[in-house]
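Analysis of the macromolecular model
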Amino acid sequence: MPQPESRPENETRASRIKRLHMRSMRRGTKEMDLILMRFAAARLEDMDEAALNAYDALLTENDQDLYQWVSGQTAPPAAHAPLVSGIRAVIGNDS
């Protein structure tokens with residue numbers, strides 16, 4: 001599994017959330033931009049450190065894989081399954 005991008009040593013929680021919002025908006029495919037922007041707006045502020053770490057790691061995955069996982073075309077890796085399920089719930093694709 002890809003590792004999260006290295007982050008500044010003294011990054012504050014507010015700066016980290018802002019960085020994750022930006023990474024959610026600037027993906028590479030418009031579909032994932034829209035999906036992850038919506039999820040980030042709905043959930044990032046309430047995430048604990050472990051959840052932020054998991055989301056940071058998820059953002060290292062490529063958009064084609066992410067889209068297939070979120071849309072239910074393929075199953076996500078076990079490490080990402082809970083977060084992908086949360087994304088699907090936010091975007092209304094809970095099937």
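Residues numbered from 1 in each chain as written. Predicted model: local features only at pLDDT ≥ 70, side-chain atom pairs only at ≥ 80, totals over all residues. Heavy atoms only, no water.

So, the packing of aromatic side chains
Going through the model one piece at a time under the given rule, you end up with one aromatic pair. Arranged with centres 5.4 Å apart and planes meeting at 40°, the rings of F39 and Y55 form a pair that is tilted. With F39 in helix α2 (residues 30-43) and Y55 in helix α3 (residues 49-58), this residue pair connects regions lying 16 residues apart in the sequence. (Phe/Tyr/Trp six-rings, centres within 6.5 Å; stacked < 30°, edge-to-face > 60°. Helix = DSSP H or I, 4+ residues; strand = E, 2+ residues; numbered from the N terminus.)

A word on a nonpolar patch on the surface
Side chains of M22, M25, L34 and M37 sit close together on the surface and give an oily, nonpolar patch of about 320 Å² of accessible area. Among the secondary structure elements, L34 is positioned in helix α2. Assessed through its relative accessible area of 49%, L34 is described here as partly exposed. (Patch = residues over 30% accessible without salt bridge, like charges linked within 9 Å, V, L, I, M, F, W, Y side chains within 5 Å. Areas by Shrake-Rupley, 256 points an atom, 1.4 Å probe, with all protein chains shown as cover. Salt bridge = Lys/Arg side-chain N within 4 Å of Asp/Glu carboxyl O. Buried < 20%, exposed > 50% of the residue type's maximum accessible area, 1.4 Å probe, protein only.)

Quick word on the environment of L20
Mapped onto the secondary structure, L20 falls in helix α1 (residues 13-25). The buried category is assigned to L20, whose relative accessible area is 0%. Each C-alpha atom of the pair L20 and L44 lies 8.2 Å from the other, and the pair is 24 residues apart in sequence. Non-local contacts of L20, meaning those with residues more than four positions away in its chain, are made with L44, L52, Y55, D56 and L59. (Contact = heavy atoms within 4.5 Å.)

Things to note about the pattern of salt bridges
Taken as a whole and judged by the stated rule, the model has six salt bridges. Salt-bridge contacts for R16 lead to D56; the nearest nitrogen and oxygen are separated by 3.5 Å. Here R16 is found in helix α1, whereas its partner D56 is found in helix α3, with 40 residues between them in sequence. By relative accessible area, which is 2% here, R16 ends up buried. For D56, a relative accessible area of 2% translates into the label buried. Here R23 and D56 are joined by a salt bridge, their closest N and O atoms 2.5 Å apart. A residue pair is termed long-range when its members are at least 10 positions apart, and R23 in helix α1 and D56 in helix α3 qualify at 33 residues. Each of the two residues, R23 as well as D56, counts as buried. Beyond isolated ion pairs, a larger network of salt bridges with shared partners links E11, R16, R19, R23, E49 and D56.

Topic: the environment of R26
Inspection of the secondary structure assignment puts R26 in the loop between α1 and α2. Among the residues examined, R26 registers a relative accessible area of 62% and is labelled exposed. C-alpha separation for the pair R26 and L36, spaced ten residues apart in sequence, amounts to 9.4 Å.

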